[in-house]
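Remarks on the overall topology
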Amino acid sequence: MSSTPKPPRPSEATPLVVKNGNKEALDDEEKCSASISAAKNNSNTTPTWKEAFAHVSPFLKPSDRRHLLLALLALFAVLLEKIVNVLPPLAIRHAVDAISDFSSSGGDQDVQQRVATTISLSIGSYFLLQTVDSALSSIQSVTQRAVSMDAERRFASALFAHLNILGASYHLERHSGELLRILSRGADATSTIIEALLFSLVPTLFEACVVGGVFWLLGMPSIAVSTILSVLAYILYTYYVTN
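Each chain carries its own residue numbering, running from 1 in the written order of its sequence. Predicted model: local features are reported for residues with pLDDT of at least 70 only, side-chain atom pairs are reported and counted for 80 or more only, and whole-chain, interface and lining totals are derived from all residues. Excluding hydrogens and water, the side-chain figures rest on all heavy atoms present in the structure.

So, about the overall build of the chain. Put simply, DSSP marks the helices as runs of H or I at least four residues long and the strands as runs of E at least two long, and each gets a number from the N terminus on. Across its full length, the chain carries 7 helices and 0 strands. Partly exposed describes any residue whose relative accessible area lies between the buried limit of under 20% and the exposed limit of over 50%, with all areas from a 1.4 Å probe on protein chains only and scaled to the type maximum. For the chain, the proportion of its 243 residues judged to be buried stands at 27%. Pairs of residues are marked as contacts when any of their non-hydrogen atoms sit within 4.5 Å. Taking all contacts inside the chain whose residues are at least 6 apart in sequence as the whole, residues at least 24 apart take part in 81%. Using a 1.4 Å probe, accessible areas were evaluated by the Shrake-Rupley method; residue-level cover was limited to the displayed protein chains. For the chain, the accessible surface area stands at approximately 16200 Å², while carbon and sulfur atoms represent 65% of it.

Turning to the packing of aromatic side chains, a few remarks are in order. Two rings from Phe, Tyr or Trp (for Trp, the six-membered ring) form a pair when their centres sit within 6.5 Å of each other. Planes less than 30 degrees apart are called stacked, planes more than 60 degrees apart edge-to-face, and all others tilted. Considering all chains together, one arrives at 2 aromatic pairs under this definition. Their ring planes at 80 degrees and their centres at 5.4 Å tell us that Tyr-126 and Phe-127 sit as a pair that is edge-to-face. We classify Tyr-126 as partly exposed; its relative accessible area is 26%. A residue is classified by how much of its surface remains accessible, and Phe-127, at 51% relative accessible area, is exposed.

Let us now look at the nonpolar core. Residues grouped as a nonpolar core are buried Ala, Val, Leu, Ile, Met, Phe, Trp, Tyr and Cys residues, joined through side-chain atoms within 4.5 Å. One finds Phe-59, Phe-155, Ala-158, Leu-159, Leu-163, Leu-166, Tyr-170, Leu-179 and Leu-183 forming the largest nonpolar core, which totals 9 residues. Val-56, Leu-60, Ala-151 and Phe-199 belong to the second largest nonpolar core, which has 7 residues in total.

This paragraph deals with a nonpolar patch on the surface. Patches draw on residues past 30% relative accessible area with no salt bridge. Two like charges within 9 Å are joined, as are two nonpolar side chains (Val, Leu, Ile, Met, Phe, Trp, Tyr) within 5 Å. Criterion for a salt bridge: a side-chain nitrogen of Lys or Arg within 4 Å of a carboxyl oxygen of Asp or Glu. A cluster of nonpolar side chains, namely Phe-53, Leu-197, Leu-201, Val-202, Leu-205, Trp-216, Leu-217, Val-225, Leu-229 and Leu-232, defines an oily patch on the protein surface of about 910 Å² accessible area. The set of elements that each furnish at least two residues to the nonpolar patch consists of helix H6 (176-217) and helix H7 (221-242). At 6 residues, H6 tops the list of elements feeding residues into the nonpolar patch.

Now for the side chain of Ser-148. The residue Ser-148 is located in helix H4 (residues 109-164) in this model. Classification of Ser-148 by relative accessible area gives buried; the value is 0%. Not counting chain neighbours up to four residues away, the residues in contact with Ser-148 comprise Ser-191, Ile-194 and Glu-195.

A few words now on the pattern of salt bridges. Close approach of charged atoms allows side chains with opposite charge to pair. Considering all chains together, one arrives at 3 salt bridges under this definition. The partner of Arg-153 in a salt bridge is Asp-150, with the nearest N and O atoms 2.8 Å apart. With Arg-153 and Asp-150 both in helix H4 and 3 residues apart, this pair spans about one turn of that helix. Taking relative accessible area as the criterion, Arg-153 reaches 43% and is therefore assigned partly exposed. Ionic pairing is found between Arg-154 and Asp-150, a salt bridge with its closest N-O pair at 3.2 Å. Placement of both Arg-154 and Asp-150 in helix H4 is noted, with a separation of 4 residues, approximately one turn of the helix. Residue Arg-154 shares its accessibility class with Asp-150, and that shared class is buried. Each of the salt bridges in this network shares a partner with another, and the network as a whole consists of Asp-150, Arg-153 and Arg-154.

We now examine the environment of Gln-130. Its location among the elements puts Gln-130 in helix H4. Exposure remark for Gln-130: the relative accessible area of 30% places this residue in the partly exposed category. Remark: the alpha-carbon pair of Gln-130 and Leu-87, spanning 43 residues in sequence, is separated by 9.3 Å.

Turning next to the packing of helix H3 (residues 65-103) against H4. Note on method: axes are straight lines fitted to C-alpha atoms, helices fitted across the in-contact stretch only, with angles between N-to-C directions ranging 0 to 180 degrees. Where H3 meets H4, the axes come as close as 7 Å, and the angle between the chain directions of the two elements is 160 degrees. Between H3 and H4, the angle is such that the two are roughly antiparallel. Our pair here, H3 against H4, has a crossing hand that is left-handed. Our angle categories are set so that under 35 degrees counts as roughly parallel, over 145 as roughly antiparallel, 65 to 115 as roughly perpendicular, and the remainder as oblique. Here a crossing is taken to be left-handed if its near helix is turned anticlockwise relative to the far helix by less than a right angle, and right-handed if that turn runs clockwise.

Per-residue pLDDT for the chain averages 76, and the proportion of residues at 70 or more is 76%. Confidence, read as mean pLDDT per element, is least for helix H1 (residues 23-41) in the chain (52) and greatest for H7 (87). Confidence of the predictor in every single residue is expressed as pLDDT, which spans 0 to 100. Within the model, the stretch residues 7-21 combines pLDDT values under 50 with 25 contacts to residues more than four positions away or in other chains.

Shown next, in the form of structure tokens:
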């Protein structure tokens, strides 16, 4: 009695082809394949910050002109917000100085009228600056999210396209839940890098320089220098601890 021959086991050379006519997706898939191949060659060692950033950097650049303009708008909004954040305390300081002049005016009506106008303008400027700060924060949040989601989408699409062209035996021997978790974490990491590098680290350095410049102009150079040095020391400490 003859047994029915078993079908041959699919090999790694048997691809699961998914047709995709999108040139952008193909380019991203080639970048992802190159990154994965390079990672396989160094699978026995932990990648450095430079190597990890080199794998992800192609996806951090905006894919088209629209997202490039959104990225520039988000960066401009966050930098302008850092400048606006410094101005409300200066407006309150101006109002407090005017109140001191009012108490020492000695009943002079002209001085009191001028002080009252100064206080009103200072308080109005404070609330106006707070409104501008909220508007800039909203603009930055919307544009930043659009840029991050675009990078996350392209990275996830490239990973998914790379998985689809692998052999059938690869998919039969792997757990789909584990792969989905890895894909999700990798896609989330792309947007996290954009938010941490472009919209957190760079604006923080810019804000430290602005605050240091304000203290320097107010005649307190020691506070200005210590502020900038403290920020730089914190960044270096974070880098070496997390490396």
